[in-house]
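If you want the building blocks of each chain, they are given just below.
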Amino acid sequence: MNKALIVGLIVVFAVVVGVASITLWTPSTTPTTTSATTSPTTTGATTPTTLPTTSVTSVTTPTTTVVITSSTTSPQTTTVVTYPEYPWLDQLKQLTTERNVKLVVITRHEQSILTLTKNVFLKSPVAKELGIVDIQFISAPAELWPDYIEKAKKAGTPIDVAWGGGPTLFNNLDVEGYLLPINQRDPVFQAIYYELSKIPERIAGAESYKVDGNGNIRWIGASVSSFGFTVNNLRLTQYGLPTPQKWEDLARPEYAVYLPSIPMISIADPTMSTSNTRIFEIILQAKGWEEGWRILTLLAANSIVYSGSSDARDAVIRGDVAIGTTIDFYGYMAQYANPNCRYIAPQGETIVNADPIAILKDTKHLVHAVAFVAWVLNEYGGQQIWLDKDINRLPVNPKTFDTLMGQQRLDLKQALEETLNAQSIQFNETLSSNWVYSVIYYFKATLVSAHDDLQATWAQIAQAYLNGKISREWFEYLVRYISSPLTFKDPITGNTVSFTLDYAVSVNNKLAKDASVYQALMTQWEQLARERYRNALNLLKDAMAGKPIPSG
């Protein structure tokens with residue numbers, strides 16, 4: 001969506017509700033104006049005269065009344081705004097009489113974010129004035145979201161908002177028809193468009209919100225993320241290991257020196273972590289399909305696999321491992337918790353994206369859902385959550401750093417500036433949507449479920465190579481042997497196929513929706529992977545005996 005159009009619509013909204021001249025909503029250039037088809041209730045805005053307190057847990061907006069008087073038109077008009085930080089709140093109050101509302105939000109955010117959000121939001125004037133008395137967060141694996149949404153709908157308690165989990169998850173929800181279009185002409189959505197006008201259209205080349213072919217918003221980024229790894233410098237020094245700079249460094253045999261007893265790297269099961277799923281996809285897109293799976297196989301072999309990304313992060317903070325694959329804010333959290341930790345975004349090999357929020361189409365509390373989304377995007381509201389020192393996320397709304405608390409987080413402001421200037425790959429979101437389930441489940445079967453055999457085999461191969469017991473040629477052959485995409489029987493056609501990119505795309509939806517296909521492939525993939533890893537040990541014996549490398 002064109003930014004000038006968004007701002008123009010906001011100005012039209014302000015004019016319709018009776019504000020002839022308003023500084024907070026006036027853009028730096030004159031927008032193109034259009035006519036509004038309906039007149040929302042009266043509201044207005046002025047620049048807040050006070051800033052929020054320094055503690056995010058006590059951010060509340062004063063209930064003072066601000067009177068705006070225009071002297072540029074005749075007759076003179078006056079508009080009352082009760083909460084200057086939320087100039088849309090008075091209008092939303094008049095669009096509904098429903099009170100005592102419980103909002104239901106499905107999310108991928110971790111508990112610390114949810115606990116703080118619930119505490120701050122329910123104390124905010126947005127919740128109090130609109131009668132939102134509770135907010136229920138449903139944490140569920142990404143692939144189960146459609147099931148949760150359908151079950152809630154059938155139970156008569158539909159989910160109102162989806163929040164967090166990355167663009168691919170939200171694009172898939174959109175394709176499946178779960179997201180509500182945010183129509184620029186509907187007065188109920190003007191609060192969201194007002195907040196959207198503060199957000200850049202693109203962030204480091206990536207879209208910060210999704211617009212459909214009709215010009216409607218489908219989802220909006222609520223925070224900014226990059227992806228990389230967090231290192232514990234003390235542990236790297238103690239073990240005499242190099243600091244990684246690129247994804248391929250995580251596949252180095254040097255990190256296998258202490259295997260299997262002491263893994264040096266932590267990763268998360270992709271079926272339980274959307275951020276680690278995104279990292280694995282970045283590697284595949286940055287390095288190509290076969291080279292990507294080589295790196296992913298050896299990365300998994302060098303690692304301990306945790307059930308969640310927060311566990312993988314905490315292992316780095318504690319020093320249980322020296323390196324962990326993390327989303328950026330987990331890295332910043334680690335840096336704050338342990339000064340020995342440092343977050344690294346691989347230059348030219350990461351991506352920057354906005355983490356979405358959206359309204360679900362079956363919500364029964366539209367005005368209240370709109371209010372929550374607008375609050376999340378507002379610099380005095382939900383954007384303050386990211387500044388908390390136990391969370392440390394990058395706000396999508398740059399005005400957040402103009403607030404009092406934002407001015408105290410110059411470290412995050414600098415991190416945002418560095419992120420926006422980072423060299424990144426052009427990530428293909430369409431491809432991600434087309435292969436994501438195949439990538440997740442193939443990784444799960446071959447690298448997580450069969451991890452014990454994989455790591456035991458890799459430890460012997462890597463140590464034999466580092467100790468000079470096998471040649472580089474044999475080492476490279478064995479790496480290709482254990483990491484090349486598997487060949488197996490396709491349960492749909494009965495043909496023998498390989499796990500190519502084309503096959504991954506072709507079977508993606510079946511894996512997500514057909515239990516028989518899922519079970520057949522997961523069983524085959526794990527079994528064949530285990531057989532391959534065990535066979536590799538026999539080949540290693542041949543290598544150490546000085547036998548020639550097999551041909552073909």
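Just so it is clear, the model here is predicted, and its values are computed rather than measured. (Residues numbered from 1 in each chain as written. Predicted model: local features only at pLDDT ≥ 70, side-chain atom pairs only at ≥ 80, totals over all residues. Heavy atoms only, no water.)

(A) Representation of the packing of helix H16 (residues 429-449) against helix H20 (residues 515-544). At a minimum axis distance of 8 Å, the contact between H16 and H20 shows a crossing angle of 35°. Of the two possible hands of crossing, H16 and H20 adopt the one that is right-handed. Judged by residue contacts, Tyr441, Tyr442, Lys444, Ala445, Thr446, Leu447 and Ser449 of H16 engage Tyr518, Met522, Trp525, Glu526, Ala529, Arg530 and Tyr533 from H20. Of the residues assigned to the contact of H16 with H20, the class counts are 9 nonpolar, 2 polar and 3 charged. (Axes fitted to C-alpha atoms, helices over the stretch in contact; angles between N-to-C directions. Helix = DSSP H or I, 4+ residues; strand = E, 2+ residues; numbered from the N terminus. Left-handed = near helix turned anticlockwise from the far one by under 90°. Contact = heavy atoms within 4.5 Å. Nonpolar A, V, L, I, M, F, W, Y, C, P; charged D, E, K, R; others polar.)

(B) The nonpolar core, seen in detail. In terms of nonpolar packing, the biggest core is built from 144 residues, with Trp163, Trp293, Phe372, Trp458 and Trp525 touching the most fellow members. Tallying contributions element by element places H16 first for this core, with 11 residues. With near-sequence residues (within four places) excluded, tryptophan 525 lies in contact with Tyr441, Tyr442, Ala445, Thr446, Leu486, Phe488, Phe499 and Leu511. In terms of nonpolar packing, the next biggest core, distinct from the first, is built from 18 residues, Trp145, Tyr178, Leu179 and Trp219 among them. (Core = buried A, V, L, I, M, F, W, Y, C linked by side-chain atoms within 4.5 Å. Buried < 20%, exposed > 50% of the residue type's maximum accessible area, 1.4 Å probe, protein only.)

(C) Up close: unusual backbone geometry. In this structure, proline 260 follows leucine 259 across a cis peptide bond, with omega equal to 0°. Here asparagine 100, not a glycine, exhibits a phi torsion of approximately 55°, which is positive. Inspection of the secondary structure puts asparagine 100 in the loop between helix H2 (89-93) and strand E3 (101-107). The exposed category is assigned to asparagine 100, whose relative accessible area is 64%. Although it is not a glycine, alanine 204 sits at a positive phi angle of roughly 50°. Along the chain, alanine 204 falls in the loop between strand E6 (202-203) and strand E7 (206-207). Among the residues examined, alanine 204 registers a relative accessible area of 29% and is labelled partly exposed.

(D) Representation of the side chain of threonine 400. For threonine 400, the location among the structural elements is in the loop between strand E15 (394-395) and helix H14 (404-407). You can call threonine 400 buried: its relative accessible area is 0%. Every residue in contact with threonine 400, bar those within four places of it in the chain, is listed here: Glu379, Gln383, Gln384, Leu387, Pro395 and Gly406.

(E) The packing of H16 against helix H19 (residues 501-513), seen in detail. Running from N to C, H16 and H19 cross one another at 80°; their axes reach a closest spacing of 7 Å. Of the possible angle classes, the one that applies to H16 and H19 is roughly perpendicular. Between H16, through Leu431, Ser433, Asn434, Trp435, Val436, Tyr437, Ser438 and Tyr441, and H19, the contact on the second element is made entirely by Leu501, Ala504, Val505, Val507, Asn508, Leu511 and Ala512. (Parallel < 35°, antiparallel > 145°, perpendicular 65-115°, else oblique.)

(F) Fine view of the confidence of the model for the protein. Residues with a pLDDT of 70 or more make up 86% of the protein, whose mean pLDDT is 88. Here residues 4-55 is modelled with pLDDT under 50, and outside its nearest four sequence neighbours on either side it reaches 109 contacts, counting other chains as well. Segment residues 57-75 is flagged for pLDDT under 50; beyond a separation of four residues in sequence, or across chains, it makes 52 contacts in the model. (pLDDT = per-residue confidence, 0-100.)

(G) The environment of aspartate 269, seen in detail. Among the secondary structure elements, aspartate 269 is positioned in the loop between strand E10 (265-268) and helix H9 (274-287). C-alpha of aspartate 269 to C-alpha of phenylalanine 443: the two residues are 174 residues apart in sequence and 8.5 Å apart in space. Apart from residues lying up to four places away in sequence, aspartate 269 is in contact with Val305, Tyr306, Ser307, Lys444 and Val448. In terms of polar contacts, aspartate 269 uses its side chain to reach the side chain of threonine 271, at 2.8 Å. (Polar contact = N/O pair within 3.5 Å; in protein donor to acceptor, adjacent residues only side chain to side chain.)

(H) Expanded view of a nonpolar patch on the surface. Judged by side-chain polarity, Val257, Tyr258 and Leu466 come together as a nonpolar surface patch covering roughly 220 Å² of accessible area. As for its position among the elements, leucine 466 is in helix H17 (residues 451-466). The partly exposed category is assigned to leucine 466, whose relative accessible area is 35%. (Patch = residues over 30% accessible without salt bridge, like charges linked within 9 Å, V, L, I, M, F, W, Y side chains within 5 Å. Areas by Shrake-Rupley, 256 points an atom, 1.4 Å probe, with all protein chains shown as cover. Salt bridge = Lys/Arg side-chain N within 4 Å of Asp/Glu carboxyl O.)

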